[in-house]
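Analysis of the macromolecular model
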Amino acid sequence: FLSGEAFVFRGGGWSEISIGDVIKEQDRIKVVDNSFCELQFGQFGIVAVESNTIVDIASVYSAAGESKVDLDILGGTLLCKVNKLIGDDVFEVRAQSTVIGVRGTHFLVASDGNTIIVAVSEGTVEFFSVDESFEKIMVPAKTEVTFVPSERTAAEVQSISDENAAVLSKIEARSFMSLEAQNLVPILIRTDPADAEILINGTTEGYGKVFAVYSDG
């Protein structure tokens, strides 16, 4: 799913992302203002890269009982929907010197250089520092925590804000699509004027341009 413009840095240059592109290890993804895109890692996890976000794909591979996704957010917001992991599966998001590890959950990570916010709507997230500047924090459903890198301290876990709960509702509504299905239909919607809101099934999906793939019927 893609609304607006998103780019991938690979081989020394930036190129625009299109629906169906394969994202590879060591790629850097950039989503510009008033845009967002979704990345699906098999039946393992869905990640919505929000506007004004840059994220590195540090590791990504898939094998039975040993899949791994390791993302490094350089700035912006990621919304993640991760199925229950099995075996040696790993799904982690890094933000500066911190790591967010999950075993199956819906959560967001927002980083603006001054603070890191981890909010969880379903499941539980492990939040810890690489340099052990604070003890590992368990962030359960319906809560959030804020970390200030310059102070090397994390605030107490508190109830999730209405704003973050509303943002997370977007990823909760997403479903995993079979990437092997033969009945997938690409749909491109453009508006005039170019900044008009696009609603699909009553939900705002973007502004100006939306490019998505749906199952036929």
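This write-up is about the structure you can find in this document. Owing to the predicted nature of the structure, the values given are computational and were not obtained by experimental measurement.

Focus on the environment of Tyr207
Within the fold, Tyr207 resides in strand S20 (residues 203-207). On a C-alpha basis, the gap between Tyr207 and Pro193 in space is 9.7 Å, while along the polypeptide they are 14 residues apart. Among residues more than four places away in sequence, those in contact with Tyr207 are Ser3, Ala194, Asp195, Ala196, Glu197 and Ile198.

Some words on the side chain of Glu144
Mapped onto the elements, Glu144 comes out in strand S15 (residues 143-148). Here Glu144 occupies a buried position and makes no salt bridge, while the nearest side chain of opposite charge, Lys142, is found at 12 Å. At 3.0 Å, the side chain of Glu144 and the backbone nitrogen of Ser161 are in polar contact. When sequence neighbours within four positions are dropped, the list of residues in contact with Glu144 reads Val118, Ala119, Val139, Glu156, Val157, Gln158, Ser159, Ile160, Ser161 and Asn164.

Digging into the nonpolar core
Ranked by size, the top nonpolar core spans 40 residues in total, and within it Leu71, Phe91, Val93, Phe107 and Phe127 carry the most contacts. Of the residues forming this core, the biggest block, six residues, is contributed by strand S8 (residues 68-82). Every residue in contact with Phe107, bar those within four places of it in the chain, is listed here: Leu78, Leu79, Cys80, Val82, Phe91, Val93, Ile100, Val102, Ala119, Val120, Val125 and Leu168.

What about unusual backbone geometry?
Non-glycine residue Gln26 carries a positive phi angle of around 80°. Mapped onto the fold, Gln26 is located in the loop between strand S3 (13-16) and strand S4 (28-31). The residue Gln96 is not glycine, and still its phi comes out positive at about 55°. With respect to the helices and strands, Gln96 occurs in the loop between strand S9 (90-95) and strand S10 (98-102).

Side note on helix H1 (residues 162-172)
Residues of H1 that are buried: Asn164, Leu168 and Ile171. For H1, the angular spread of the buried residues around the axis is 35°, confining them to a single face. Structural note: H1 exposes Asp162 and Glu163 on the side pointing more than 90 degrees away from its buried face. The elements touched by buried residues of H1 are strand S6 (45-49), S8, strand S11 (105-111), strand S12 (116-122) and S15.

A closer look at the pairing of S8
Burial analysis of S8 places 11 of its 15 residues in the buried class, the great majority of the element. Summarising the sheet, S6 and S8 pair through five bridges and their orientation is antiparallel. Looking across to S8, one finds that Val47 is bridged to Cys80. As paired elements, strand S7 (residues 53-61) and S8 share seven bridges and run antiparallel to each other. Directly across from Val55, in S8, lies its bridge partner Ile73. Across six bridges, S8 lies against S9 in parallel orientation. Of the residues in S9, the one forming a bridge with Asp70 is Glu92. Across seven bridges, the pairing between S8 and S11 is antiparallel. For Leu78, the partnering residue across the bridge sits in S11 and is Val109.

Quick notes on the rules
Counting starts from 1 at the beginning of each chain's written sequence and moves along it residue by residue. Two thresholds apply to this predicted model, a pLDDT of at least 70 for residue-level local features and 80 or more for giving and counting side-chain atom pairs, whereas whole-chain, interface and lining totals are computed over all residues. Here the side-chain values reflect all heavy atoms present in the structure, with hydrogen atoms and water set aside. Strands are runs of DSSP state E lasting at least 2 residues, helices are runs of H or I lasting at least 4, and numbering of each runs from the N terminus. The contact rule is simple, with two residues in contact once any of their heavy atoms fall within 4.5 Å. With a 1.4 Å probe rolled over the protein chains alone, any residue whose accessible area is under 20% of its type maximum counts as buried; one over 50% counts as exposed, and the rest are partly exposed. Here the positive residues are Lys and Arg and the negative ones are Asp and Glu; neither His nor the chain ends is included. The term salt bridge refers to a pairing of a side-chain nitrogen on Lys or Arg with a carboxyl oxygen on Asp or Glu at a separation within 4 Å. Think of a polar contact as two N or O atoms within 3.5 Å of one another; within protein, one of them needs to be a possible hydrogen donor and the other a possible acceptor, and neighboring residues in sequence only count if both atoms come from side chains. Here, nonpolar core means buried Ala, Val, Leu, Ile, Met, Phe, Trp, Tyr and Cys residues that are tied together by side-chain atoms lying within 4.5 Å of each other. The arc in question is the one traced by the directions running from the helix axis out to the C-beta atoms. Any two strands are treated as partners once DSSP identifies two or more bridges connecting them.

Take it as geometry only, folks, not as evidence of what the structure does.
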